[in-house]
Amino acid sequence: MSATPKPASSEDIIGQKYDRCLADLIVKAGVGFGVGVVSSVILFRRRTWPIALGTGFGAGAAYADCDRSFNPARIPGTRIVSAVEAPASK
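A brief structural summary. (Residues numbered from 1 in each chain as written. Predicted model: local features only at pLDDT ≥ 70, side-chain atom pairs only at ≥ 80, totals over all residues. Heavy atoms only, no water.)

Tallying secondary structure elements over the protein gives two helices and zero strands in all. By the compact-globule yardstick of 12 Å for 90 residues, the protein is too spread out, its C-alpha radius of gyration being 20 Å. Across its three principal directions, the C-alpha atoms of the protein cover 65 × 40 × 20 Å. Burial status across the protein gives 12% buried among its 90 residues. (Helix = DSSP H or I, 4+ residues; strand = E, 2+ residues; numbered from the N terminus. Rg over C-alpha atoms; globule rule 2.2 N^0.38 Å. Buried < 20%, exposed > 50% of the residue type's maximum accessible area, 1.4 Å probe, protein only.)

Looking now at the pattern of salt bridges. Under the counting rule described, the total for this entry stands at three salt bridges. For D24, the salt bridge goes to K28, with nearest N and O atoms at 3.6 Å. Here D24 pairs with K28, and both are found in helix 1 (residues 10-42), just four residues apart, close to one helical turn. A relative accessible area of 25% places K28 in the partly exposed class. The network of salt bridges with shared partners includes D24, K28, D65 and R68. (Salt bridge = Lys/Arg side-chain N within 4 Å of Asp/Glu carboxyl O.)

Written out as structure tokens, the structure reads:
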């Protein structure tokens, strides 16, 4: 029995990221939908545009998080250091 864990394959990592993104989309779009329904009933005399706006905001936030998950260079304040720029560790 080996003590070192087997490294995850790239397909598994991508699959986990897609699963996380899909779950995030469902949760955030659902929360946006709920906020839209409540605001539509309470504030806007049962119009449909608050529902679409809330769902769109939720889906947009999920898309932004998923984009950051797949492309970490888009996270504000981060810098990608190449091997040439990296200081030599001793």
